[in-house]
Amino acid sequence: MTLSSLKLATNYSTISKAMVCEKHGQPKDVLRLKELTIPKIKDDEVLVKFLAAPINPSDINQIEGVYPIKPRFKKYGAVGGNEGVAEVVAAGNKVKNLTVGDWVIPDTKAFGTWQTFAASPENELQKISKNISKISASTISVNPPTAYRMLKDFVNLKKGDVIIQNGANSAVGQAVIQIAKAWGIKTINVVRDRPNFDELADQLHKLGATLVIKEEDLRANSTRELVKNLGSPVRLGLNCVGGKSANGITRLLGHNASLVTYGGMSKQPLTFGTGPFIFKNLKACGFWVSRWNKEASKKDKQYMFDDLCELIRGGYLAEPWHDETKWELSDDNKTLNRKFMKALSKAGASFGNKKQILTFE
């Protein structure tokens, strides 16, 4: 179906190819490619064609049934994927704020982005700038906002201030480095040791990292000296690992600093030294971008996304490191399923620094 014919699709049904699960379980076992019939859109709905959608760890956890947000199960099952960018290809008569050709991202939980087409009420979508790449647009609603809000909402950071984060090679970590660099904030970036540590450190430095250190060196006196030489106390810590790593970055925080936890990749509980919390007057809190999305106004969201798009256009926020898997509409279902499963396997691999992104051609 061509774009010109889709503009008239308000009067017709559309076939969407989608990765669907019918029950919770390991994604490789429960996901199946299905052809879904999207009925004629309602007056307050738009029909969208997806351009790109990533496979995120939270998507996998959601299908497994271990994530707080659950899939939207319907008669045919639930379409996977929470993040992505789509183009409006048809609009109902009562749609006011979107028009054909607009780019949109989901503004509701468990939207289902691993599909070629979808119908949605316009209030479940957020308009996004078309003046960025579809890769940037498809990955702008989870990781960049997480980084942006943690840098904005917990400590009044100023130019020259210092923060520390673990999991610095993650997509959120990369965004933190780049946004902080754009705002003149220094970053101490902690990653696990690995055979290609020097290569990874070089990549993070190119993004704007001030220091890159091994998790195993957090307690070393040499690390304390490196931090001291930055000339300002560490005011904010960002933790997505937990366990010993969280404890280690806590010991490098300055007085009256805050530690924000937004993940727990080690699956170990948070353990902190009593002394630093008492004598440095530290604070610890959590952050979940889904909660922020639920509570924030459309105006606040639009302001943030406009700001992030400006950073992208200005060259301050690059596309995440990624592998692209092309879903071509001409592919048969067996080929599409095979391509997806290969990308899914990479998304769950240990030490995987690259985000897996589906692009729909």
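All values derive from a computational prediction rather than experimental measurement.

A.B. asks: Please clarify how the overall build of the chain should be interpreted in this entry.
C.D. replies: Summing up its helical and strand segments, the chain has 13 helices and 17 strands in all. Dimensions of the chain, computed from the C-alpha atoms along their principal axes, are close to 70 × 40 × 35 Å. Out of the 361 residues belonging to the chain, those deemed buried represent 53%. By sequence separation, contacts in the chain at least 24 residues apart represent 74% of the contacts at least 6 residues apart. Put simply, the chain shows about 17100 Å² of open surface, and 49% of that area lies on carbon and sulfur atoms. Taking the average location of the 52 positive side-chain charges in the chain and that of its 36 negative ones, the two points are 4 Å from each other.

A.B. asks: Where do I start with the nonpolar core in this structure?
C.D. replies: Burial of nonpolar side chains together is a common tendency in soluble globular proteins. Core analysis: the biggest nonpolar cluster contains 41 residues, and Ile140 and Leu308 have the highest contact counts within it. Those elements that place two or more of their residues in this core are β3 (45-55), β6 (103-106), α4 (134-138), α5 (143-153), α6 (171-182), β12 (234-239), α11 (289-295) and α12 (298-313). Considering each element in turn, this core owes the most residues, six residues, to α12. Ignoring sequence-local partners within four residues, the contact set of Ile140 consists of Glu83, Ile105, Ile128, Ile132, Pro145, Phe305, Leu308, Cys309 and Ile312. Formed by 30 residues, the second largest nonpolar core is a distinct cluster that contains Leu33, Phe50, Ala78 and Ala86.

A.B. asks: Is there a simple way to think about the domain arrangement of the chain in this case?
C.D. replies: Quoted interface sizes are often the accessible area lost when the parts come together. Domains assigned within the chain are domain 1 (3-139 + 319-360) and domain 2 (143-290). Computed from C-alpha atoms alone, the centre-to-centre distance between domain 1 and domain 2 is 32 Å. Each side of the interface is counted separately: domain 1 has ten residues, and domain 2 has 14 residues. Interface of domain 1 and domain 2: buried area, both sides summed, is about 970 Å²; carbon and sulfur atoms make up 52% of it. Where domain 1 packs against domain 2, one counts zero salt bridges. Where domain 1 meets domain 2, there are one residue pair in polar contact (both at pLDDT 80 or more). Its residues placed into classes, the side of domain 1 that touches domain 2 shows six nonpolar, two polar and two charged.

A.B. asks: I tried to follow the layout of surface pockets on my own but got confused; where do I start?
C.D. replies: Regions of empty space are outlined by a rolling probe, equal in size to a water molecule, passed over the atoms. If you add up the space inside the second largest pocket, you get close to 460 Å³. Looking at the second largest pocket, it is lined by 22 residues, and the ones nearest its centre are Ile38, Lys74, Tyr76, Ala118 and Ala119. Elements represented by at least two residues in the lining of the second largest pocket include exactly β2 (31-38) and β7 (117-121). Residue contributions to the lining of the second largest pocket peak at five residues, all from β7.

A.B. asks: I would appreciate a short explanation of the sheet that holds β2 in the present structure.
C.D. replies: Strand pairing in a sheet relies on backbone hydrogen bonds. The paired strands run either parallel or antiparallel. Strand order in the open sheet made by the three strands is β2-β1-β4, with antiparallel pairing throughout. The open sheet has two edge strands with one neighbour each: β2 and β4 (78-79). For strand β1 (residues 14-21) and β2, the ladder comprises eight bridges, and the chain directions are antiparallel. Bridge pairing in β2 links Ser16 to Leu36. Together, β1 and β2 form the strand contacts of helix α13 (residues 333-347), whose direction differs from that of β2 by roughly 130°.

A.B. asks: Looking at this model, I keep getting lost on the UniProt feature "domain: Enoyl reductase (ER)" (unreviewed entry) in the chain. Mind explaining?
C.D. replies: Under the UniProt annotation, "domain: Enoyl reductase (ER)" (unreviewed entry) lies at residues 25-270. The span residues 25-270 is 27% helix and 28% strand, and its two end C-alpha atoms sit 27 Å from each other.

A.B. asks: Help me out: how do you make sense of the pattern of salt bridges in this one?
C.D. replies: A side chain with one charge may pair with a side chain of the opposite charge, provided their charged atoms come close. Per the stated rule, a full pass over the model turns up 14 salt bridges. A salt bridge links Lys34 to Glu22; its shortest N-O distance comes to 2.4 Å. A residue pair is termed long-range when its members are at least 10 positions apart, and Lys34 in strand β2 and Glu22 in the loop between β1 and α2 (27-30) qualify at twelve residues. Judged by relative accessible area, which is 21%, Lys34 ranks as partly exposed. Note on Glu22: relative accessible area 55%, which makes it exposed. We note a salt bridge from Lys354 to Asp323, for which the minimum N-O separation is 3.7 Å. Taken as a pair, Lys354 in the loop between α13 and β17 (355-360) and Asp323 in strand β16 (residues 322-327) lie far apart in primary sequence, 31 residues in all. What makes Asp323 partly exposed here is its relative accessible area of 24%. One network of salt bridges, in which partners are shared, links Asp107, Lys298 and Lys301.

Reading guide: rules and limits
- Residues numbered from 1 in each chain as written.
- Predicted model: local features only at pLDDT ≥ 70, side-chain atom pairs only at ≥ 80, totals over all residues.
- Heavy atoms only, no water.
- Helix = DSSP H or I, 4+ residues; strand = E, 2+ residues; numbered from the N terminus.
- Buried < 20%, exposed > 50% of the residue type's maximum accessible area, 1.4 Å probe, protein only.
- Contact = heavy atoms within 4.5 Å.
- Areas by Shrake-Rupley, 256 points an atom, 1.4 Å probe, with all protein chains shown as cover.
- Lys, Arg positive; Asp, Glu negative; His and termini not counted.
- Charge placed at Lys NZ, Arg CZ, Asp CG, Glu CD.
- Core = buried A, V, L, I, M, F, W, Y, C linked by side-chain atoms within 4.5 Å.
- Domains from an automatic or database assignment.
- Buried area = accessible area lost by both parts, 1.4 Å probe.
- Salt bridge = Lys/Arg side-chain N within 4 Å of Asp/Glu carboxyl O.
- Polar contact = N/O pair within 3.5 Å; in protein donor to acceptor, adjacent residues only side chain to side chain.
- Nonpolar A, V, L, I, M, F, W, Y, C, P; charged D, E, K, R; others polar.
- 1 Å grid on protein atoms, 1.4 Å probe; cavity = no way out; pocket = protein on both sides within 12 Å on 5 of 7 lines; lining within 4 Å.
- Points joined across faces, edges and corners; volume = space filled by probe spheres on them.
- Pairing = 2+ DSSP bridges.
- Axes fitted to C-alpha atoms, helices over the stretch in contact; angles between N-to-C directions.
- UniProt positions renumbered as here; feature names shortened; annotations may be inferred.

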